[in-house]
There are 4 protein chains.
Amino acid sequence: MRKIIIGVMGPGEKATAVDMQNAYELGKLIATEGWVLLTGGRNVGVMDAASRGAKSVDGLTIGILPCHDSQGVSEAIDIAIFTDMGNARNNINVLSSDVVIACGMGAGTASEISLALKGNKKVILLSVDEESKNFFQKLASKNVYFVNDAENAIATTKEILSPNKTSSI
Amino acid sequence: MRKIIIGVMGPGEKATAVDMQNAYELGKLIATEGWVLLTGGRNVGVMDAASRGAKSVDGLTIGILPCHDSQGVSEAIDIAIFTDMGNARNNINVLSSDVVIACGMGAGTASEISLALKGNKKVILLSVDEESKNFFQKLASKNVYFVNDAENAIATTKEILSPNKTSSI
Amino acid sequence: MRKIIIGVMGPGEKATAVDMQNAYELGKLIATEGWVLLTGGRNVGVMDAASRGAKSVDGLTIGILPCHDSQGVSEAIDIAIFTDMGNARNNINVLSSDVVIACGMGAGTASEISLALKGNKKVILLSVDEESKNFFQKLASKNVYFVNDAENAIATTKEILSPNKTSSI
Amino acid sequence: MRKIIIGVMGPGEKATAVDMQNAYELGKLIATEGWVLLTGGRNVGVMDAASRGAKSVDGLTIGILPCHDSQGVSEAIDIAIFTDMGNARNNINVLSSDVVIACGMGAGTASEISLALKGNKKVILLSVDEESKNFFQKLASKNVYFVNDAENAIATTKEILSPNKTSSI
């Protein structure tokens, strides 16, 4: 009965045009696979773009909001979870995702990748810079994957899900 | 796009047979209305019964878990949100529900009703004892409603949702 | 090395003059015993009055704040813990207190008493109304104590701490 | 009245001998300055070593625990705050610290540095490797400082505190 949930994390206001494009494509592909998309739920950046991508193919979208009211929630969110706990909600984002995909980089995103690795989650980093690659590779080489486009992120997600499916969730 | 979420709160291991029956019926009726059911997500008591009720008519069920792994999650949960924050997750349960329905009583349920009232949410109490009625009536008379069966809980939920819908969520 | 921490919970903006007077006296007596005072840390109501009472005899005061910045922190707080998690911080308040004393009543206070009882903490209710007494008595008769003044709250705290001291903390 | 709180973050079970030595020295120097030491509170690694260092000169130590009971709390902790929220408590650690010092590296520590930077806190990194230096330098060059020993960490902390003191806390 439990649905597979894929988390897409990335910058909000500071997302680049490439981040947004990747996020939209990720959301679309995740929904196409029949997976549920989970993001930080706000109406900006990677969260918003991924959610819009998922809705473009009629997927189901969950937003784990840092706030307690509906201002600032992405219009592409179906299910809004209001935590009212600021950035501490980042831990909920990653614990609730079967696989975490980071799309772009920033302090919030770095905290999500780190919390995911701390919680023994697998994390896919999409198109990150050399400094990020070197840092996270050294931090947790067994649980991080580096890919260059959304299609490869999905292929890697499938690989991660397939062998461990019964044990990991 | 945002779906209406109705939270059903109540005892876990200590739920009575009547609580369980009410919860199952509530879950069923909530799903029949097209609303999403939100509970504490564990595989016991009111949480489990309400979720099973919702699934009996093919509803969508969300569980906000106190833990970080899948042991103890109700099989009737579609979307499991792992908070790993124990009873502090009770605040997320109520903030994320458009209307909260309490079914039965216990310390955890009392905390959820109280947190909901603190957050200016409307709370419906189903078949509670005199002590609970007197206490919550005095605490927040404007935001609590007392009903005696699941059908009336749903009717009251509709009343609460209808006039305030645009402003409340 | 661990210090004994006594939590004083109660209304903020809606505290009555009697609540404030009781809270001030409680803070003073707690500090006189050499215990650390823990409150919700804001500069209003019971939190503020208890902290000022403790500082009047040079006690140590901790405030567990719902916010993330220093606006609104009581001037009588020595150690400010910023949770940025709104009312979910109420669970931290009670889990971190060896004994919880409720001084006055409101939705937030009711959530703290309930969360404390859920966490198997002992709770002393000072000068509460009949409805509160009847409700919490029925909810958890073994873990709630009712007293009528600050001196008796302290005497009861000593009784609670003495036999269980080594096992409870 | 508010005391200055300096947070020392670092690995638990995986801390190196050098991390432990640095942490002990940091704790000692922080307490010597009259500042309060804040750590993650457990009885292992950097948390434990820093707290023991602070107690060696009779400092005040606060531990923000991920759990809800006293098993696993460092004996060098004076004030134990039980959050029962796992790694989400890392956000509280950094929000409650006037300055954050990272001593060693790991996934949990990386999350704390990242959450601190997300919350606009200044972070001092002590003796970190090149990969960490390059990553955090690029992530938030204005708010990170790199030092090679505990004495320099304290000197940098003083610089950070002095000009902004009134506005930052």
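Predicted, not measured: the structure shown is a model, and the values here were computed from it.

Visitor: Explain the overall build of chain A residue by residue, including any values.
Guide: A tally of regular secondary structure across chain A gives 6 helices and 7 strands. N-terminal to C-terminal, the α/β element order of chain A is β-α-β-α-β-β-α-β-α-β-α-β-α. Relative to the compact-globule value of 15 Å for 169 residues, chain A shows a C-alpha radius of gyration of 14 Å, a close match. In terms of overall dimensions, chain A has C-alpha extents of about 40 × 35 × 30 Å along its principal axes. Expressed as a percentage of its 169 residues, the buried residues of chain A come to 63%.

Visitor: Outline the sheet that holds strand β4 (residues 79–82) of chain C, listing residues and values.
Guide: All names here are of chain C. Pairing in this open sheet of 7 strands is parallel, and the strands run β4-β3-β2-β1-β5-β6-β7 from one edge to the other. Taken across any chain shown, the strands that pair with only one partner, and hence form the sheet edges, are β4 and β7 (144–147). On average, adjacent strands in this sheet sit at an angle of 25 degrees to one another, irrespective of strand direction. Pairing geometry for strand β1 (residues 5–9) and strand β2 (residues 36–39), over 3 bridges, is parallel. In the sheet register, Gly 7 faces β2, and the bridge partner there is Leu 38. Along the sheet, helix α1 (residues 17–32) makes contact with β1, β2, β5 (99–103) and β6 (123–126), crossing β5 at roughly 155 degrees.

Visitor: Let's hear about the pairing of β7 of chain C: which residues, and what values?
Guide: All names here are of chain C. Two elements, β6 and β7, share 4 bridges in a ladder whose sense is parallel. Bridge pairing in β7 links Leu 125 to Phe 146. Taken together, β6, helix α5 (residues 130–139) and β7 form a β-α-β motif whose crossover is right-handed.

Visitor: Residues and numbers for the interface of chain A and chain B, please.
Guide: With 26 residues of chain A at the contact, the number on the chain B side is 26 residues. Contact between chain A and chain B buries roughly 2,300 Å² in total, counting both sides, with carbon and sulfur atoms accounting for 68%. For the chain A face of the interface with chain B, the top three residues by lost area are Met 1, Arg 2 and Leu 95 of chain A, together amounting to 25%. Viewed at the interface, chain B and chain A are joined by 0 salt bridges. Along the contact surface separating chain A from chain B lie 4 residue pairs in polar contact (both at pLDDT 80 or more). Of all the secondary-structure elements, those providing two or more residues to the side of chain A that touches chain B are β3 (61–65), β4 (79–82) and α3 (89–95) of chain A.

Visitor: Break down unusual backbone geometry for me, citing the residues and quoting the values.
Guide: Residues and elements named next belong to chain C. In this structure, Asp 58 takes a positive phi of about 65 degrees despite not being glycine. Phi at Asn 120 is positive, roughly 60 degrees, even though this residue is not glycine. Topologically, Asn 120 is positioned in the loop between α4 (107–118) and β6.

Visitor: Break down the pattern of salt bridges for me, citing the residues and quoting the values.
Guide: Where side chains of opposite charge bring their charged atoms close, a pairing between them can arise. Here the structure, examined in full by the defined rule, presents 24 salt bridges over all chains. Note that Lys 138 of chain B is salt-bridged to Asp 129 of chain C, the shortest N-O span being 3.1 Å. Within this pair, whereas Lys 138 of chain B is found in helix α5 (residues 130–139), its partner Asp 129 of chain C is found in the loop between β6 and α5, the two belonging to separate chains. Across the pair Lys 55 of chain D and Asp 78 of chain D runs a salt bridge whose closest N-O atoms are separated by 2.9 Å. Placement of Lys 55 of chain D in helix α2 (residues 45–56) and of Asp 78 of chain D in the loop between β3 (61–65) and β4 (79–82) is noted, with a sequence separation of 23 residues between them.

Visitor: Tell me what's going on with the relation of the copies chain A and chain B, and back it up with residues and numbers.
Guide: Two copies of a chain can be linked by a rotation about an axis combined with a shift along that same axis. Superposition record for chain A on chain B: RMSD 0.0 Å, screw rotation 180 degrees, translation along axis 0.0 Å. Overall, the copies show the geometry of a two-fold rotation axis. Counting the interface residues of chain A, we find that 100% of their copies in chain B are interface residues as well, pointing to one common contact surface.

Visitor: Before we move on, can you summarise the pairing of strand β2 (residues 36–39) of chain D with the specific residues and values?
Guide: Residues and elements named next belong to chain D. The alternating pattern of β2 places Val 36 and Leu 38 on one face and Leu 37 and Thr 39 on the opposite face, and all of these are buried. Bridge count for β2 against β3 is 3 bridges, and the pairing is parallel. By the bridge assignment, Thr 39 is partnered in β3 with Gly 63. You can see the chain leave β2, run along α2 and come back into β3, and the turn it takes is right-handed.

Visitor: Before we move on, could you go through the confidence of the model for chain A and cite the residues and values that matter?
Guide: Looking at chain A, pLDDT values average 95 and 96% of them are 70 or higher. Ignoring residues within four places in sequence, the model shows residues 165–169 of chain A, a span with pLDDT below 50, making 4 contacts including any to other chains.

Visitor: Give me the lowdown on the side chain of Ser 114 of chain B, citing residues and values where you can.
Guide: If you trace the backbone, Ser 114 of chain B turns up in helix α4 (residues 107–118). Contacts of Ser 114 of chain B, omitting those with residues within four sequence positions, involve Phe 136 of chain B together with Ala 107, Ala 110, Ser 111 and Ser 114 of chain C.

Visitor: Outline helix α1 (residues 17–32) of chain B, supporting the account with residue identities and numerical values.
Guide: All names here are of chain B. Helix length check: α1 (16 residues) gives 23 Å between terminal C-alpha atoms against 22 Å at 1.5 Å per residue, within 8%. Along α1, the residues that are buried comprise Asp 19, Asn 22, Ala 23, Leu 26, Gly 27, Ile 30 and Ala 31. Looking straight down α1, one finds its buried side chains confined to an arc of 160 degrees; they lie on one side. Residues Ala 17, Val 18, Gln 21 and Thr 32 are exposed on α1 and point more than 90 degrees away from its buried face.

Visitor: Can you break down the side chain of Thr 157 of chain B residue by residue, with the values?
Guide: Residues and elements named next belong to chain B. Its location among the elements puts Thr 157 in helix α6 (residues 150–168). With a relative accessible area of 0%, Thr 157 lands in the buried category. Apart from residues no more than four positions distant in its own chain, Thr 157 is found in contact with Ile 6, Trp 35, Val 99, Ile 101 and Ile 124.

Visitor: Tell me about the environment of Leu 125 of chain C, and name the residues and values.
Guide: Tracing the backbone through its elements, the reader meets Leu 125 of chain C in strand β6. The spatial distance from the C-alpha of Leu 125 of chain C to the C-alpha of Met 1 of chain C is 29 Å, given a sequence separation of 124 residues.

Visitor: Hey, could you go over the packing of aromatic side chains for me, with residue numbers and the actual values?
Guide: A full pass over the atoms with the stated rule returns 10 aromatic pairs over all chains. Look at Phe 136 of chain A and Phe 135 of chain D: their rings are 5.2 Å apart centre to centre, the planes differ by 75 degrees, and that puts the pair in the edge-to-face class. Linking Phe 136 of chain A in helix α5 (residues 130–139) with Phe 135 of chain D in helix α5 (residues 130–139), this pair reaches from one chain into another. Classification of Phe 136 of chain A by relative accessible area gives buried; the value is 0%. Judged by relative accessible area, Phe 135 of chain D falls into the buried class, the value being 3%. Members of the aromatic cluster, each reached through a chain of ring pairs, are Phe 135 and Phe 136 of chain A together with Phe 135 and Phe 136 of chain D.

Visitor: Outline the packing of helix α1 (residues 17–32) of chain D against α2 of chain D, supporting the account with residue identities and numerical values.
Guide: Residue and element names in this part refer to chain D. Running from N to C, α1 and α2 cross one another at 40 degrees; their axes reach a closest spacing of 6 Å. For the element pair α1 and α2, the recorded crossing hand is right-handed. In this structure, α1 contributes Asp 19, Met 20, Ala 23, Tyr 24, Gly 27, Lys 28 and Ala 31 to the contact, and α2 contributes Gly 45, Val 46, Ala 49, Ala 50, Arg 52, Gly 53, Ala 54 and Ser 56. Here the residues of the contact of α1 with α2 sort into 8 nonpolar, 4 polar and 3 charged.

Calculation notes
Residues numbered from 1 in each chain as written. Chains lettered and ligands numbered in written order. Predicted model: local features only at pLDDT ≥ 70, side-chain atom pairs only at ≥ 80, totals over all residues. Heavy atoms only, no water. Helix = DSSP H or I, 4+ residues; strand = E, 2+ residues; numbered from the N terminus. Rg over C-alpha atoms; globule rule 2.2 N^0.38 Å. Buried < 20%, exposed > 50% of the residue type's maximum accessible area, 1.4 Å probe, protein only. Pairing = 2+ DSSP bridges. Axes fitted to C-alpha atoms, helices over the stretch in contact; angles between N-to-C directions. Contact = heavy atoms within 4.5 Å. Right-handed = clockwise from strand over helix to strand, strands pointing away. Buried area = accessible area lost by both parts, 1.4 Å probe. Salt bridge = Lys/Arg side-chain N within 4 Å of Asp/Glu carboxyl O. Polar contact = N/O pair within 3.5 Å; in protein donor to acceptor, adjacent residues only side chain to side chain. Least-squares fit on C-alpha atoms with pLDDT ≥ 70 in both. pLDDT = per-residue confidence, 0-100. Expected span 1.5 Å × (residues − 1). Arc of directions from axis to C-beta. Phe/Tyr/Trp six-rings, centres within 6.5 Å; stacked < 30°, edge-to-face > 60°. Left-handed = near helix turned anticlockwise from the far one by under 90°. Nonpolar A, V, L, I, M, F, W, Y, C, P; charged D, E, K, R; others polar.

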